Amino acid sequence: MRHNRAVLDWQRMFLAVAALGVLVLLLRWAFGDGRGSSSLVAHRPKIGHSDEYGLLVAIAAPSTYIEAEMSCKRLEEAGIRVTLVTTADGPRVMVFRENESLARQLLAAG
């Protein structure tokens, strides 16, 4: 009788450790650091300076996000693809280089 109880206790402990191991592996996969593993949780984006955004060019440096949204709306209504970016330098209104001169003209006129 005592032998059966000891075996049962070891089985329970083994199942508990196995379940914990599976949980650890699942969490490492879900919240992985991105080095060789794909994470399901998005990492916080790196905030760069306004000249670090590839094909986008900063055309306005509004002092508030409300001004930036108003500028974006004006450009979108004119058919220009525009992006509001939070940079290390503050909010920036960005467009593709081929739309830069037209976007600057529209913002200057408005």
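Summarised in this report is the structure supplied together with it.

Quick word on the overall build of the protein
What the protein contains, in helices and strands, is three helices and three strands. For the protein, the sequential pattern of α-helices and β-strands runs α-β-α-β-β-α. By the burial criterion, 23% of the 110 residues in the protein qualify as buried. Counting only contacts in the protein whose residues sit at least 6 apart along the sequence, the fraction spanning at least 24 positions is 54%.

Comments concerning the packing of helix 2 (residues 65-77) against helix 3 (residues 100-109)
Orientation of helix 2 relative to helix 3, taken along the N-to-C sense of each, is 120°, at an axis distance of 10 Å. By the angle between their axes, helix 2 is oblique relative to helix 3. Where helix 2 crosses over helix 3, the handedness of that crossing is right-handed. Where helix 2 abuts helix 3, its residues Ser71, Arg74 and Leu75 lie against Ala103, Leu106 and Leu107. When grouped by side-chain class, the residues that make up the contact of helix 2 with helix 3 number four nonpolar, one polar and one charged.

As for helix 3
Turning to helix 3, its buried residues number three or more, namely Glu100, Ala103 and Leu107. Projected onto a plane normal to the axis of helix 3, the buried residues spread over an arc of 70° and lie on a single side. Residues of helix 3 that are exposed and angled more than 90 degrees away from the buried face: Gln105, Ala108 and Ala109. Against the buried residues of helix 3 lie strand 1 (56-60), helix 2 and strand 3 (90-96).

Notes on the pattern of salt bridges
Applying the stated rule across the entire model yields three salt bridges. Between glutamate 100 and arginine 97 there is a salt bridge; the shortest N-O distance is 4.0 Å. Given a relative accessible area of 55%, arginine 97 falls into the exposed group. For glutamate 100, the salt bridge identified is with arginine 104, shortest N-O distance 3.1 Å. Placement of the pair is glutamate 100 and arginine 104 together in helix 3, with a separation of four residues, close to one helical turn. Each member of the salt-bridge network shares a partner with another, and the members are Arg97, Glu100 and Arg104.

Quick notes on the nonpolar core
Judged by nonpolar contacts, Ile59, Ala60, Ala68, Cys72, Leu75, Ile80, Val82, Val93, Val95, Ala103 and Leu107 together constitute the single largest core of eleven residues. When residues in this core are grouped by element, the largest group, three residues, is from helix 2. Excluding anything up to four places from it in sequence, isoleucine 59 contacts Leu75, Val93, Val95, Glu100, Ala103, Arg104 and Leu107.

Here we look at the side chain of serine 71
Inspection of the secondary structure puts serine 71 in helix 2. For serine 71, the residues in contact, after removing those within four places along its chain, are Val93 and Leu107.

Thresholds, definitions, all that
- Residues numbered from 1 in each chain as written.
- Predicted model: local features only at pLDDT ≥ 70, side-chain atom pairs only at ≥ 80, totals over all residues.
- Heavy atoms only, no water.
- Helix = DSSP H or I, 4+ residues; strand = E, 2+ residues; numbered from the N terminus.
- Buried < 20%, exposed > 50% of the residue type's maximum accessible area, 1.4 Å probe, protein only.
- Contact = heavy atoms within 4.5 Å.
- Axes fitted to C-alpha atoms, helices over the stretch in contact; angles between N-to-C directions.
- Parallel < 35°, antiparallel > 145°, perpendicular 65-115°, else oblique.
- Left-handed = near helix turned anticlockwise from the far one by under 90°.
- Nonpolar A, V, L, I, M, F, W, Y, C, P; charged D, E, K, R; others polar.
- Arc of directions from axis to C-beta.
- Salt bridge = Lys/Arg side-chain N within 4 Å of Asp/Glu carboxyl O.
- Core = buried A, V, L, I, M, F, W, Y, C linked by side-chain atoms within 4.5 Å.

Nothing here speaks to function; it is all geometry.
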